[in-house]
Amino acid sequence: AGSVALTAVAVGSVVLSTDVVGFVPATVVLGVATGLYGTTRITVVAATFDRAEATAIGVSQAAGNVGNVVLSAGAGVVGAALGWRWGFGYLLPGLGVCALALWVTVPRRSGPPADASLRETLGGVARAVRRPRVLAVTLLLSLNMVLYQSVTGFLPTYLVQRKGFAPETAAL
């Protein structure tokens, strides 16, 4: 719930920013807030649905992808009709509802409180990160991010500058 609430605050800050001095920090906070989703989402889902962990994580990831497509398309429609601030800000009511729903429904903790020292905790993290399954998932997610950023960040520029596409067409 905290990452969703922080996202809402950041979206509101981006929408209300009037200059680059307000816009850039709000965008950084937005990136940090949305970056918190992946780890916490998978952790909570895996702990909550331990008997169907793979299915629950798959449904969670699929819902995120559907949300990316649907919300982006909605932002485009709203933004084209009313301006970019509305296209971005239309997310605020949904973020508020989601933050409240998560606050009410997600368990406070998935297990007993940890009594381990910092050294023991870091040792456990180091052992977990070296597991082949974790390494494979980390590699695949990193590759996915690099490929996605490469295509979405550079393909439109390439199409405009090298292939002569109109910017509106290249961005599709």
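Thresholds, definitions, all that
- Residues numbered from 1 in each chain as written.
- Predicted model: local features only at pLDDT ≥ 70, side-chain atom pairs only at ≥ 80, totals over all residues.
- Heavy atoms only, no water.
- Axes fitted to C-alpha atoms, helices over the stretch in contact; angles between N-to-C directions.
- Helix = DSSP H or I, 4+ residues; strand = E, 2+ residues; numbered from the N terminus.
- Parallel < 35°, antiparallel > 145°, perpendicular 65-115°, else oblique.
- Left-handed = near helix turned anticlockwise from the far one by under 90°.
- Contact = heavy atoms within 4.5 Å.
- Nonpolar A, V, L, I, M, F, W, Y, C, P; charged D, E, K, R; others polar.
- Core = buried A, V, L, I, M, F, W, Y, C linked by side-chain atoms within 4.5 Å.
- Buried < 20%, exposed > 50% of the residue type's maximum accessible area, 1.4 Å probe, protein only.
- Patch = residues over 30% accessible without salt bridge, like charges linked within 9 Å, V, L, I, M, F, W, Y side chains within 5 Å.
- Areas by Shrake-Rupley, 256 points an atom, 1.4 Å probe, with all protein chains shown as cover.
- Salt bridge = Lys/Arg side-chain N within 4 Å of Asp/Glu carboxyl O.

Peer 1: Which residues make up the packing of helix α1 (residues 2–16) against helix α5 (residues 92–105), and what values go with them?
Peer 2: In the contact formed by α1 and α5, the axes pass within 8 Å of each other and the chain directions differ by 160°. Judged by the inter-axis angle, α1 sits roughly antiparallel to α5. Remark: the crossing between α1 and α5 carries left-handed chirality. Contact residues: V4, A5, T7, A8, V11 and G12 in α1; L92, L95, C98, A99 and L102 in α5. Of the residues contributing to the contact of α1 with α5, the split by class is nine nonpolar, two polar and no charged.

Peer 1: For the nonpolar core, give the residues involved together with the corresponding values.
Peer 2: Formed by V4, A8, A10, V11, V15, L30, L95 and A99, the largest nonpolar core amounts to eight residues. Of all the secondary structure elements, the ones that give two or more residues to this core are α1 and α5. Looking at this core, the element that brings in the most residues is α1, giving five residues.

Peer 1: Go over a nonpolar patch on the surface with me, naming the residues and quoting the values.
Peer 2: Taken together, L6, V9, V20, V21, F23, V24, V28, V29, V32, L36 and W84 make up a surface patch of nonpolar side chains, about 950 Å² in accessible area. Listing elements by their share of the nonpolar patch, those giving two or more residues are α1 and α2 (20–48). Considering each element in turn, the nonpolar patch owes the most residues, eight residues, to α2. If you trace the backbone, V24 turns up in helix α2.

Peer 1: Quick one: what's the story with the environment of P156, residue by residue and with numbers?
Peer 2: Tracing the sequence through the fold places P156 in helix α7 (residues 132–161). Separated by 16 residues in the primary sequence, P156 and L172 place their C-alpha atoms 8.3 Å from one another.

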